[in-house]
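Listed here are the chains, written in short residue letters.
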Amino acid sequence: MTKVVVSTQQDLPSSNADQPSLRLREITLTARIEMLREITFSLLSELESLGSMTPASTPEKSLNLEDEVRRFEIDLIRAALIKAGGNQALAARLLGVKHTTLNSKIKRYRIRHSRR
């Protein structure tokens, strides 16, 4: 938001007292330039975010839900095991699953983890 201050002739210094409309135009010009600067930065940010997006309608390869879920689960389990220092019980709590569920997924996905 831009703030425009309107001065009366008494508020202006004596050198500008003869030209109150000139002072008003300077404020307006400064405010307009600032608004254009803000709009430009906003547009640039939007363009950068659009450039980082990948089009959903044309995937580079075919997607398989089971494969994607498998990769996602493996990554989550590995991250939890690393955070838990290899402790499966703690990793299961971090993931919000039972220890037996986590253990069966580790075996199914053949996840290797080191105990630290």
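Residues numbered from 1 in each chain as written. Predicted model: local features only at pLDDT ≥ 70, side-chain atom pairs only at ≥ 80, totals over all residues. Heavy atoms only, no water.

Focus on the packing of aromatic side chains
Thinking step 1. Counted by the stated rule, this structure contains zero aromatic pairs.
Thinking step 2. Looking at Arg 108, its charged tip hangs above the ring of Tyr 109, at a distance of 5.6 Å from the centre. (Phe/Tyr/Trp six-rings, centres within 6.5 Å; stacked < 30°, edge-to-face > 60°. Lys NZ or Arg CZ within 6 Å of the ring centre and 35° of its normal.)

Describing the packing of helix H3 (residues 88-95) against helix H4 (residues 99-109)
Thinking step 1. Relative orientation of the contacting elements H3 and H4 amounts to 105°, with a least axis distance of 8 Å. It follows from the interaxial angle that H3 and H4 lie roughly perpendicular. Between H3, through Gln 88, Ala 89, Ala 91, Ala 92 and Leu 95, and H4, the contact on the second element is made entirely by His 99, Leu 102, Asn 103 and Ile 106.
Thinking step 2. Considered class by class, the residues forming the contact of H3 with H4 number six nonpolar, three polar and no charged. (Axes fitted to C-alpha atoms, helices over the stretch in contact; angles between N-to-C directions. Helix = DSSP H or I, 4+ residues; strand = E, 2+ residues; numbered from the N terminus. Parallel < 35°, antiparallel > 145°, perpendicular 65-115°, else oblique. Contact = heavy atoms within 4.5 Å. Nonpolar A, V, L, I, M, F, W, Y, C, P; charged D, E, K, R; others polar.)

A closer look at the packing of helix H2 (residues 65-83) against H3
Thinking step 1. Contact geometry for H2 and H3: axes closest at 8 Å, N-to-C directions at 125°. Here H3 runs oblique to H2, going by the angle between their axes. Along this stretch, H2 crosses H3, giving a crossing that reads as right-handed. Within the contact between the two elements, H2 uses Leu 76, Ile 77, Ala 80, Leu 81 and Lys 83 and H3 uses Gln 88, Ala 91, Leu 94 and Leu 95.
Thinking step 2. Among the residues forming the contact of H2 with H3, the class breakdown is seven nonpolar, one polar and one charged. (Left-handed = near helix turned anticlockwise from the far one by under 90°.)

Some thoughts on the confidence of the model for the chain
Thinking step 1. Residues at a pLDDT of 70 or more form 68% of the chain, whose mean pLDDT is 76.
Thinking step 2. By mean pLDDT, the top-scoring element of the chain is H4 (95), and the lowest-scoring one is helix H1 (residues 20-52) (74). (pLDDT = per-residue confidence, 0-100.)

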